[in-house]
There are 2 protein chains.
Amino acid sequence: MKRKRNLYLKTIPVEEAREKYLSAIADLITVKHETIKVTESLDRITGSAIYAKYSSPLFNASAMDGIAVRAADTAYASETSPVVLQEADYMVVDTGDPIHPPFDAVIMAEDIVETEGEVRIIASAHPWQHIRPIGEDIVAGEMILPGNHKIRAIDIGVLLSAGILEIEVVKRPEVAIFPTGTEIIEPEEEPEEGSIIESNSRMFENMVTVAGGIGCRFAPIIDDYEKIRDAVAQAADRYDMVIINAGSSAGTEDYTVHVLRELGEVIVHGVSVKPGKPVILAVVQGKPVIGLPGYPVSAYIGFENFVTPIIQMIARRPERLTETLQAHISRRLVSSLKHKEYVRVKVGKVGDKFVAAPLARGAGAAMSLVRADGFCIIEQNSEGIEAGDVAEIELYRSKREIENTVVVIGSHDLILDVIADIMPNAYKDMFVSSTHVGSMGGLMALRRGEAHIAPIHLLDEESGEYNVSYLKKMFREPMALVKGVHRIQGIMVKKGNPLQLEGLADLCSGTGTEAKDLAGEEKDGKETAGAKMAGEAICGGGSAGEKIASNVPAVKKAASVRYVNRQRGAGTRVLFDYKLKQAGIDPSEINGYEREMATHMAVAAAVAGDGADAGMGVLSAAKAMGLDFIEVAPEEYDFAIPVKFLELPHIKAFLEILQSAEFHARLAQLGGYSAERSGEVILL
Amino acid sequence: MKRKRNLYLKTIPVEEAREKYLSAIADLITVKHETIKVTESLDRITGSAIYAKYSSPLFNASAMDGIAVRAADTAYASETSPVVLQEADYMVVDTGDPIHPPFDAVIMAEDIVETEGEVRIIASAHPWQHIRPIGEDIVAGEMILPGNHKIRAIDIGVLLSAGILEIEVVKRPEVAIFPTGTEIIEPEEEPEEGSIIESNSRMFENMVTVAGGIGCRFAPIIDDYEKIRDAVAQAADRYDMVIINAGSSAGTEDYTVHVLRELGEVIVHGVSVKPGKPVILAVVQGKPVIGLPGYPVSAYIGFENFVTPIIQMIARRPERLTETLQAHISRRLVSSLKHKEYVRVKVGKVGDKFVAAPLARGAGAAMSLVRADGFCIIEQNSEGIEAGDVAEIELYRSKREIENTVVVIGSHDLILDVIADIMPNAYKDMFVSSTHVGSMGGLMALRRGEAHIAPIHLLDEESGEYNVSYLKKMFREPMALVKGVHRIQGIMVKKGNPLQLEGLADLCSGTGTEAKDLAGEEKDGKETAGAKMAGEAICGGGSAGEKIASNVPAVKKAASVRYVNRQRGAGTRVLFDYKLKQAGIDPSEINGYEREMATHMAVAAAVAGDGADAGMGVLSAAKAMGLDFIEVAPEEYDFAIPVKFLELPHIKAFLEILQSAEFHARLAQLGGYSAERSGEVILL
């Protein structure tokens, strides 16, 4: 039960850590060279200056198709008194042919009249006219490329022309990458309860490539001190750099720092950055050895902050430029003075301003890195950024792409993914970016000028009509409601509906308030009203539940049906509340009413796992997760768009997609949609 | 003697040609897909949207190291009345461990007090605290990447986490590349008189790679109609695209267009662009087949205009972005209304403006592409750009690099190459760019604010002093003269000095004016005064001269010593004129006085070839080309720098290099220099 932990990590700022480490290894690092074929040198870095072996042209050469002559012979030629040259006094030449004495000029074919055995010349040629002198382009012995130059296609052409077949380039540093952890499995293995698919090392491998090195990924090592130590010691001998992934924190099985202390010197352990604090920067046998945290976002940020600069140093590659722009932050970002924080953001251009919408901030949210357009960096000495403030964003999509992206903020539906997929395929260099904040959140974003389009499905409880009244109420500017899809909302339950739920009423166990009252009491094993269903729910979920039966305490107290809700402002939440009200159910009777998730798919996943029994969502999400579905109500999922955006090329493309055959075919695949009016524009 | 030519090519504008061709092939092109391993997918383009197979996390997982508890058990825990849990009522968990019912919260290790068999909890845990619910990051079934997405390292990590091992990506188009021409040789072969080293195909191969395709380069084909036809026909069948290099013009052996007319359809022949007019855009067996001109710059521009967009189309890669900036053009550029012109420029930032200095405009000047920082494009409807006008430059170096580059304009010396080589090696991300316009040209550029540094060696004939008086005379602003090197100027002659020249007096054959008078006369075989020397000169030059003896007319008339001069304003020209004056020699007595070259190395190359016998230059250039050298005078080669630039970091770096051990070692290698005062700053 007791395991040793190093609970407290003393951290230092990123810049200080980097400087401290770089100066510790600066004298240890050696830039190695190798000789390679010029034809295989694209993107490599020259090791030293390269000098031409041959001149180009290699000889005085005709620059035109025509005839080679002695310029002096033609000095008085004119239209009225042409000079006539006999065969022996000129030579027909094509472009590139050598010109030798006594010839010292070329006359273009267009400017002569050729008859059998002689030519008539009607304008004088000056000496060296249309002759490319030897070495005009490249002079033997001259420097063609300096050292530290990244070789381009044109350079390869010129090197070969200058007689250079092989060149000395900087050797790419080889970086050993060790995934560690007893719980990790290879991506090819079938995951079991508790398995974590090891993918960071593959990300690193490719980040090494991008930085200019060669990544050498090893098979995972279990959490075993000696095994990790031996592997690192061997690798430090053979490779230019070593990365150890995970085990860099202060957990019970985090051996990395101890291993590195035994093998060499730990320069830094713990950096004031979020995500990415548990970084270890060490030197073993004169080689940089870095321990990176296991959470993918932390791993990524740790790599970019500490591994990339070292690879670039050994590979002699210039620092990569990060394009930056100034953007309005769409919501308040609070951060601690204790660390520098990297907040992933989606960036869009709406009207004439750039807007950055923060994404999930968790260290485990790898998808937020995939979805992000850039980072908003909150410096260590800042407490955060207010909504609407302008901040600098480090982009990792190009500004041009961002400018051609439709910014969609609002309710989530799988059809947004479908549109985002179709768009760049059907419309060159146009993209869709969507952020899911619920229908009301989307309308608020539209009002603040942060989005082009808000997908919404808001029921007006009074009129029973969808969407229109909200737009009329909330906007003064001319708005369009573009029809989207009809879709079915319902209760998603586990496959086979083990709790045999039939509708909203079954969610209401009547134990909601009771559960709260029980909270402080001693556990006494007494069963609540929800026992039957809850008991099944807890033990259900198939194999996963069974596997852990041996090592978790037996179920002592049953709970009601565990519901998982959507966030406030979500159309699905509005609908759920409306339906509860119709049915006369008090939300406090729903166990889990307060547990909020941001998308249909997140709710579906919770229901598919063993953390929840039911949640409201659309049929397509239930289908995607293999859940059963209890239909509740059809609804209209539409798009709110300010009229002023309707004529923008990418917005027009968006509307065209709604009416396209491909879109309708994809809807049919998803199931649960009808789309008769898709793309219809209603001006309000 | 007579060969068939197609003298006139009807050309159309670039944009029209591209549009015409793209629309002709649009329906023929098919984007192919292939399935590859995710681990090998960096930089590939997704063929279609990719959906997650697994959720991540795969189960409800602890987000912290600590203990899993029932939240309800802890509801009333506080510092004053801690809750004590027995072993059966909690579970020690590490980050990532699965959490199962009945546990529904995690308490961080820092927040508990652990004693034998029990823990004390001093704050309540809310349900789902520190638990990452299943699918928090990735939900099985959700779209991870859309189609047409370029895969990054982070994407690879997420794909693997989501259980995706293989993905469908766009197949890279395979492009067959055929060099043609009887005179071309492989780079490995020893060049002979008339040989042209074939290097374009290797440049293309790498340009194909950069555009997103796979270049398949074939061995050169001689100029033979049937051979070219058969090769193209076969390749069109097997490859996605075919490039034929050279033979696209209207010369006597330019078969390409005829071949393509026989095999398929020629859509465009001849484009109004300079360089790069003779382009052929054709379709053979439904495949794009493009004939590109032989001159390297023409070939490059033709490729970028017509091949790159097609590869990007088939490879579904976005158009590459070209960074542009507005720069002042340093000298007048006259262009014809008949074509669009691509002028290569060097770009520098001097003070707060960007300045673009045009480079050599010839189609054969491949080094100008290597040296260029970008293109200034003169549109077809423009007659050119005036000096000082602002024009848009398409960059191919980054703006940041340009901003960190020392702009050197003035007299040429090999030591500038040496400094340019040392700079980026010794100073991170700092560069030197030099343009050779002679000493006076450099000072003029400084005055116009187009350069940071002008290297000069200008003799004041009155005082006998170098450089100082020119700066005092020409500048009002405070100037610094930074001492460079002492170097030796002299007459470069062919190895072994076959004409046995001893000094300037021997250049003066006394036939200069006579030669002019002879220009209009009939060739009569009579020998001039320079016969002895000239005869040797003409027949000299070793093997090259002998090889062509059979196919050129016999020498009929001897000339004087053929001198090759430097351009007006060059310090070497000033020195030469001064020395001629001292010796009482009239320039008209020098045969070749009017023939101007821009650098020491170009003069040296001319003397090394069979086009000239003597030229003035520095010892290092003579050494580099293996020439003999007749010393004329030592001189001071210094750097003029406005005082206001002295504190710029890259200028400081430049001055530091002048005093560095490495620089002095490299000077010793070159020979002919002394550098006692290098880097000494004299404020004027």
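To be clear, the structure that these remarks concern was listed above.
Quick summary incoming for the structure in this document. Values in this document were obtained by computation on a predicted structure and should not be read as measured data. Every chain begins its residue count from 1, and numbering advances along the sequence as written. Chains carry letters and ligands carry numbers; both start at the beginning, A for chains and 1 for ligands, and go up in the order they are written. This being a predicted model, a pLDDT of at least 70 is required before a residue's local features are given, and a value of 80 or more before pairs of side-chain atoms are given or counted; all residues contribute to the totals for chains, interfaces and linings. Only hydrogens and water are set aside when side-chain values are computed; all heavy atoms of the structure are taken into account.

Quick look at the relation of the copies chain B and chain A now. Least-squares superposition aligns the copies on the C-alpha atoms of those residues with pLDDT at or above 70 in both. Least-squares fitting of chain B to chain A yields an RMSD of 0.1 Å, with the superposition described by an axial translation of 0.0 Å and a rotation of 180°. The operation mapping one copy onto its partner corresponds to a two-fold rotation axis. The position closest to the rotation axis in chain B is occupied by the C-alpha of E323 of chain B, lying 5.9 Å away. Taken together, the interface assignments show that 100% of the residues at the interface of chain B recur at the interface of chain A, consistent with an identical surface on both copies. The contact definition used throughout considers only heavy atoms, calling two residues in contact when any of these lie within 4.5 Å.

We now examine the interface of chain B and chain A. On the side of chain A, 141 residues touch chain B, which itself brings 140 residues to the contact. Simply put, the buried area is the total loss of 1.4 Å probe accessible area from both parts when two parts are fitted together. Between chain B and chain A, roughly 11,700 Å² of surface is buried when both sides are summed, and carbon and sulfur atoms account for 60% of that area. Salt bridge criterion: a side-chain nitrogen from Lys or Arg within 4 Å of a carboxyl oxygen from Asp or Glu. Viewed at the interface, chain A and chain B are joined by 4 salt bridges. Close ionic contact of R371 of chain A with E142 of chain B constitutes a salt bridge, the shortest N to O distance being 2.8 Å.

The next thing to look at is a negative patch on the surface. A residue counts toward a patch only above 30% relative accessible area and without a salt bridge, and it is joined to like-charged neighbours within 9 Å or, for Val, Leu, Ile, Met, Phe, Trp and Tyr, to nonpolar neighbours within 5 Å. With residues, only the protein chains shown are counted as cover, and all accessible areas are computed by Shrake-Rupley using a 1.4 Å probe. Neither His nor the chain ends contribute to the count of charged residues, in which Lys and Arg are positive and Asp and Glu negative. A charge is said to be at NZ when it belongs to Lys, at CZ for Arg, at CG for Asp and at CD for Glu. The grouping of E188, E189, E190 and E192 of chain A at the surface amounts to a negative patch. Relative to the helices and strands, E190 of chain A resides in the loop between β14 (184-185) and β15 (196-197). For the purposes of this entry, the term helix denotes a DSSP run of H or I that reaches at least four residues, the term strand denotes a run of E that reaches at least two, and both are numbered from the N terminus.

Before going further, it helps to examine helix α15 (residues 571-583) of chain A. All names here are of chain A. Under the 1.5 Å per step criterion, the end-to-end length of α15 is 18 Å for 13 residues, consistent within 8% with the ideal 18 Å. Taken together, the buried positions of α15 are occupied by G571, T572, R573, V574, L575, F576, Y578, K579 and L580. Where α15 terminates, the next one or two residues include G584, which has phi positive at roughly 70°. One less than the residue count of a helix, multiplied by 1.5 Å, gives the span that helix is expected to have. Each residue gets one of three labels from its accessible area relative to the maximum for its type: buried under 20%, exposed over 50%, partly exposed in between, using a 1.4 Å probe on protein chains only.

All names here are of chain B. Taken N-terminus to C-terminus, the directions of helix α3 (residues 200-211) and helix α6 (residues 296-315) make an angle of 30°; their axes are 10 Å apart at the nearest point. Between α3 and α6, the angle falls in the class roughly parallel. As α3 runs across α6, the sense of the crossing is right-handed. In contact with N200, M203, F204, M207, V208 and A211 of α3, α6 contributes P296, A299, Y300, F303, E304, T308, I311 and Q312. Broken down by class, the residue content of the contact of α3 with α6 amounts to 10 nonpolar, 3 polar and 1 charged. Axis geometry follows a simple rule: fit a line to the C-alpha atoms, using only the stretch in contact for helices, then measure angles between N-to-C directions, giving values from 0 to 180 degrees. Any angle from 65 to 115 degrees is called roughly perpendicular, while one under 35 is roughly parallel, one over 145 is roughly antiparallel, and all others are oblique. Working rule for handedness: look at the near helix, and if it is turned counterclockwise from the far one by less than a right angle, call the crossing left-handed; if clockwise, right-handed. Only Asp, Glu, Lys and Arg are considered charged in this grouping, and only Ala, Val, Leu, Ile, Met, Phe, Trp, Tyr, Cys and Pro are considered nonpolar; every other residue, Gly among them, is considered polar.

We now examine helix α18 (residues 649-658) of chain A. Summarising burial for α18 of chain A: 7 of the 10 residues are buried, a large majority. The complete set of buried residues in α18 of chain A reads H650, I651, A653, F654, L655, I657 and L658 of chain A.

Moving on to the pairing of strand β8 (residues 112-115) of chain B. The side chains of a regular strand alternate, residue by residue, between the two faces of the sheet. All names here are of chain B. Where β8 meets strand β9 (residues 118-121), 4 bridges bridge the pair, whose relative direction is antiparallel. Across the sheet, V113 pairs through a bridge with R120, a residue of β9. At least two bridges found by DSSP between two strands is the condition for calling them paired. The antiparallel pairing of β8 with β9 creates a hairpin that spans 2 residues between the two strands, and G117 there sits at a positive phi of about 80°.

Time to look at the environment of L458 of chain A. All names here are of chain A. Relative to the elements of secondary structure, L458 occurs in the loop between β31 (454-456) and α11 (468-474). Look at L458 and you get buried, because its relative accessible area is 0%. Taking the C-alpha atoms as reference, L458 lies 6.8 Å from S439; in sequence the two are 19 residues apart. Leave out the neighbours within four places in its chain, and L458 touches S439, M440, L443, E465, Y466, N467, Y470, G571 and V574.

Time to look at the pattern of salt bridges. Residues and elements named next belong to chain A. The full count for this structure, using the stated rule, is 72 salt bridges over all chains. E34 is the salt-bridge partner of R44, the closest N and O atoms lying 2.6 Å from each other. Here R44 is found in the loop between β1 (33-37) and β2 (50-51), whereas its partner E34 is found in strand β1, with 10 residues between them in sequence. A relative accessible area of 27% means that E34 is categorised as partly exposed. Beyond isolated ion pairs, a larger network of salt bridges with shared partners links R568, R573, D577 and E596.

This part is about the environment of E323 of chain A. Residues and elements named next belong to chain A. Note that E323 resides in the loop between α6 (296-315) and β22 (324-329). For E323, a relative accessible area of 36% puts it in the partly exposed group. Considering only alpha carbons, one finds E323 and Y396, 73 residues apart in sequence, at a separation of 7.3 Å. Under this definition, polar contacts are N or O atom pairs within 3.5 Å; protein pairs additionally need one hydrogen-donor-capable and one acceptor-capable atom, and for neighbouring residues in sequence, both atoms have to be side-chain atoms. Among the polar contacts listed, one links the side chain of E323 to the backbone nitrogen of K399, at a separation of 3.3 Å.

Attention shifts here to the packing of helix α4 (residues 225-238) of chain A against helix α5 (residues 256-263) of chain A. Residue and element names in this part refer to chain A. As a packed pair, α4 and α5 sit with axes 10 Å apart at the nearest point and diverge in direction by 50°. One element, α4, and the other, α5, form an angle in the oblique class. Note on packing geometry: the crossing formed by α4 with α5 is right-handed. On α5, the residues that touch Y225, I228, R229, V232 and A233 of α4 are H258, V259, L260, E262 and L263.

Our focus in this paragraph is the sheet that holds strand β13 (residues 174-179) of chain A. All names here are of chain A. Taken together, the 6 strands give an open sheet; going across it, the order is β16-β13-β17-β21-β20-β18, and neighbouring strands pair in mixed fashion. Edge positions in the sheet fall to β16 (214-217) and β18 (265-269), since each has one partner strand and no second. The average angle at which neighbouring strand axes cross in this sheet is 20°, direction not considered. Summarising the sheet, β13 and β16 pair through 4 bridges and their orientation is parallel. What sits directly across from E174, in β16, is I214.

All names here are of chain B. Two rings from Phe, Tyr or Trp (for Trp, the six-membered ring) form a pair when their centres sit within 6.5 Å of each other. Planes less than 30 degrees apart are called stacked, planes more than 60 degrees apart edge-to-face, and all others tilted. Per the counting criterion, the structure on display carries 24 aromatic pairs over all chains. Their ring planes at 40° and their centres at 6.5 Å tell us that Y300 and F375 sit as a pair that is tilted. With Y300 in helix α6 and F375 in strand β26 (residues 374-378), the pair connects residues that are 75 residues apart, well separated along the chain. Here Y300 matches F375 in class, with each residue buried. The interplanar angle of 25° and the centroid separation of 6.4 Å between the aromatic rings of F576 and Y593 together place this pair among those described as stacked. You can see F576 sitting in helix α15 (residues 571-583) and its partner Y593 sitting in the loop between α15 and β34 (596-597), a full 17 residues away along the chain. Of the residues examined, F576 reaches a relative accessible area of 0% and is grouped as buried.

Along the chain, the position of S330 of chain A falls in the loop between β22 and β23 (333-334). Beyond its immediate stretch of four places on either side in the chain, S330 of chain A contacts V355, A356, A357, P358, A387, R448 and E450 of chain A.

Time to look at the sheet that holds β9 of chain B. Residues and elements named next belong to chain B. The strand order β5-β9-β8 describes an open sheet built from 3 strands, whose pairing is antiparallel. Each end of this open sheet is capped by a strand with a single partner; those strands are β5 (83-86) and β8. On average, adjacent strands in this sheet sit at an angle of 20° to one another, irrespective of strand direction.

Residue and element names in this part refer to chain B. Secondary-structure assignment places Y21 in helix α1 (residues 14-25). On the basis of relative accessibility, which here comes to 1%, the residue Y21 falls in the buried class. Each C-alpha atom of the pair Y21 and I267 lies 6.4 Å from the other, and the pair is 246 residues apart in sequence. Polar contacts involving the side chain of Y21 include one to the main-chain amide nitrogen of V289, which spans 3.2 Å.

A separate point is unusual backbone geometry. In most cases, non-glycine residues show a negative phi, while peptide bonds are predominantly trans. All names here are of chain A. Look at the link from P101 to P102: it is a cis peptide, with omega at 10°. Relative to the assigned elements, P102 resides in the loop between β6 (91-93) and β7 (105-108). Look at Q285: it is not a glycine, yet its phi comes out positive at around 50°. Mapped onto the secondary structure, Q285 falls in the loop between β20 (280-284) and β21 (287-292).

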